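What the coordinates show
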Amino acid sequence: MTRVALVSDLPAASAVADYLRRCGLAVDDRVAGADALVVLAEHPDPALLDLAGAGLPTMLAGPTVHSWRLSTGIDQALGLLPGRLTPAHEVRLRPGMAAGTLADRLDDGAVLLNDRVLTVDKVSDDTAVLLTASVGFAEQPIATLRGSIVTLTLGWTPQTLTDPTYCRLVHRLLRLVLGHTDRSPVGVGLLGYGAIGTEHTTAVTAVAGLELAAVCDGNPLRLDAARTASPQARAYSAAEDLLADPGVGLVVVSTPPNTHADWALRALDAGKSVVVEKPFCLTVAEADALIGAAAEANLTLAVYQNRRWDADFLALKRAWRSGMLGEVFHYESFVGGYGHPCNFWHSHEPVSGGAIYDWGSHYLDWALDLLPQAVEWVSATAHKRVWHDVTNADHTRLLIHFADGVEAEFTHSDLAAAAKPKWYVLGTRGALVGSWRSDQAVPADHPAVLDAYAADGSVTRLAVPPSPRHAFHRELADHLLAGAPMSVTPLGSRRNVAVMEAATRSVRHGGRPESLPGS
């Protein structure tokens, strides 16, 4: 196992160390005998620069270069002449001229951080510029490589150091200076080519390291559509043929929810890694069987929680974790309106799992991502009053009570003539409201308007930058090819299933609080 010495005097740097450990690296602060050195400090020992100059693969991150700007030989060692330091601001990173494969799976819109930038007055000809950012209408080098030293001059604030996007950059740059290369591209097979098939096809085609190898669907019209979209992919009408294809290393299970567990388990048994459409499955027992099978076979198992990267949710999450709301103690979310549910399987409870599983697979995933503390109990109630031609409930309200007293509420309704806000969040220092946009035909498919309310009554409209493109699939490729961790984990998805299963049981018992199954 590669051992990395991470030397830092910044408390938040522990998040970087934890991330690197999740990447499979051994991380401690012992420099002697380390395979690589990461210095992320405001007051680093100058002797560490000598180690870097002696050829030890080294990464100088955050304030380190600025701290050493007056040190003798810093410009010769790094091939950089450090300049001024800017205040913290939004920094959008772009691949530099020498980025090479580092640019694979780095989307311009995704590499967005709020941090200080150390400008550079001069770059030597033999210094490779890997990443840049625009500062004052000039492109400034943010990440560079010279010899065995890579620099990343971002990493000043706790918010940056704890941001998974920043940690991901550190890992990729560290692999570069260590000379580690990605594994071979992975062939992807799509099991089911329904409404989500085009989305997976587009993402797999766009992301380096993933290759669409095969598509399977029992519907000839869907299979024809798949052939038209991806002529190079092999087409199967029988799932067994897809699972037997040696060119498929990962199967995306896009069948109806009540079949997710069965097909995912068959794919794992066939030696394929698996991505399952949401909801993961319908019971904790099914989730445990899948997690166990994947662990035993050392295969990847993930759930396609694509809305984790919705633009408004990312903006809400940034505001929440910035501390502007203080300690959050109450969270509400809502989706719906007044209208007939769809007539597809989404509205048929034996197939979909019910309304709680249909929209809850997204909205409860958001709540549980924001609130990682232990769940004490779940209660839910449901109404069946108007739409009797479908089996899902017309109106459902669910409450999650956490062990620390925090509560999260989710409501889905097809009987809401007046809609509640998409989000209503209360904290000890303020509140946040996410309002549906009235200028969109389908508001649920567009970002909400986010307003933060301070304790003095002032209101701030939050910026909502565009969603990063194909973020889930880029994380998936990084995981499969480079061992990077994913934001969506099997245990996190299991937790969501446990809440939905407990809520369904609560509905049957008239709203009685229920503990999570299998906890």
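Relevant structure appears above.
About the cut-offs
- Residues numbered from 1 in each chain as written.
- Predicted model: local features only at pLDDT ≥ 70, side-chain atom pairs only at ≥ 80, totals over all residues.
- Heavy atoms only, no water.
- Axes fitted to C-alpha atoms, helices over the stretch in contact; angles between N-to-C directions.
- Helix = DSSP H or I, 4+ residues; strand = E, 2+ residues; numbered from the N terminus.
- Parallel < 35°, antiparallel > 145°, perpendicular 65-115°, else oblique.
- Left-handed = near helix turned anticlockwise from the far one by under 90°.
- Contact = heavy atoms within 4.5 Å.
- Nonpolar A, V, L, I, M, F, W, Y, C, P; charged D, E, K, R; others polar.
- Phe/Tyr/Trp six-rings, centres within 6.5 Å; stacked < 30°, edge-to-face > 60°.
- Buried < 20%, exposed > 50% of the residue type's maximum accessible area, 1.4 Å probe, protein only.
- Lys NZ or Arg CZ within 6 Å of the ring centre and 35° of its normal.
- Core = buried A, V, L, I, M, F, W, Y, C linked by side-chain atoms within 4.5 Å.
- Salt bridge = Lys/Arg side-chain N within 4 Å of Asp/Glu carboxyl O.
- Arc of directions from axis to C-beta.

**Quick look at the packing of helix H1 (residues 14-22) against helix H6 (residues 164-178)**
Viewed as axis vectors pointing N to C, H1 and H6 meet at an angle of 60°, and their least axial separation amounts to 10 Å. With respect to each other, H1 and H6 are oriented oblique. As for how H1 packs across H6, the hand of that crossing is right-handed. Along its contact with H1, which presents Ala15, Val16, Tyr19 and Leu20, the element H6 presents Pro164, Tyr166, Cys167, Arg168, Val170, His171 and Leu174. When grouped by side-chain class, the residues that make up the contact of H1 with H6 number nine nonpolar, one polar and one charged.

**A word on the packing of aromatic side chains**
For the structure on display, the rule yields 10 aromatic pairs. Where Trp309 meets Phe472, the ring centres are 6.3 Å apart and the plane angle is 75°; that geometry is what we call edge-to-face. Of this pair, Trp309 sits in the loop between strand S17 (301-304) and helix H12 (311-322) while Phe472 sits in helix H16 (residues 471-482), and the two are 163 residues apart along the sequence. Here the two residues Trp309 and Phe472 agree in accessibility, since each one is buried. Grouping aromatic residues by their ring pairs yields a cluster made of Phe313, Trp359, Tyr363, Trp366, Phe410 and Trp423. The ring of Trp263 has Arg266 sitting right over it, with the charged end atom 4.3 Å from the ring centre.

**Concerning the nonpolar core**
Formed by 102 residues in total, the largest nonpolar core has its most connected members in Phe280, Tyr331, Leu398, Ile400 and Trp423. When sequence neighbours within four positions are dropped, the list of residues in contact with Leu398 reads Ile356, Leu364, Val378, Ser379, Ala380, Ala408, Glu409, Phe410, Val499 and Ala503. Of all hydrophobic cores here, the second largest spans 43 residues; its members include Ala17, Leu154, Leu161 and Leu169.

**Considering unusual backbone geometry**
Geometrically, the link from Lys278 to Pro279 is a cis peptide bond, its omega value of -5° lying close to zero. Looking at the element boundaries, Pro279 is found in the loop between strand S16 (273-277) and helix H11 (284-297). Despite not being glycine, His470 has its phi angle at roughly 55°, a positive value. Turning to its location among the elements, His470 is positioned in the loop between strand S25 (459-461) and H16.

**Focus: the environment of Leu48**
The topology assignment puts Leu48 in helix H2 (residues 47-53). Leu48 sits 373 residues away from Pro421 along the chain, and the two C-alpha atoms are 53 Å apart. Those residues in contact with Leu48 that sit more than four places away from it in its chain are Val7, Val31, Leu37, Val39 and Trp68.

**Some points on the pattern of salt bridges**
Within this structure, the stated rule accounts for 27 salt bridges. The shortest N-O distance in the salt bridge between Arg175 and Asp182 comes to 3.2 Å. A salt bridge links Asp288 to Arg494, with the nearest nitrogen and oxygen atoms 2.5 Å apart. Taken together, the residues span a long stretch of sequence, with Asp288 in helix H11 and Arg494 in helix H17 (residues 490-508) at a distance of 206 residues.

**Side note on H1**
Those residues of H1 not exposed but buried are Val16, Ala17, Tyr19 and Leu20. Viewed end-on, H1 has its buried residues packed into an arc of 160°, placing them on one side of the element. Looking at the buried positions of H1, the neighbouring elements they touch are strand S1 (3-8), strand S2 (26-28), strand S3 (36-40), helix H5 (158-161) and H6. Where H1 terminates, the next one or two residues include Gly24, which has phi positive at roughly 95°.

**Some details on the packing of helix H10 (residues 260-269) against H11**
A packed helix pair is summarised by two numbers, namely the angle formed by the two axes and the spacing between the axes. Contact geometry of H10 with H11 gives a least axis separation of 10 Å together with a crossing angle of 10°. On the basis of the axis angle, H10 is roughly parallel to H11. Between H10 and H11, the contacting residues are Ala261, Ala264, Leu265 and Leu268 on the first element and Glu286, Ala289, Leu290, Ala293 and Ala294 on the second. Partitioning the contact of H10 with H11 into residue classes produces eight nonpolar, no polar and one charged.

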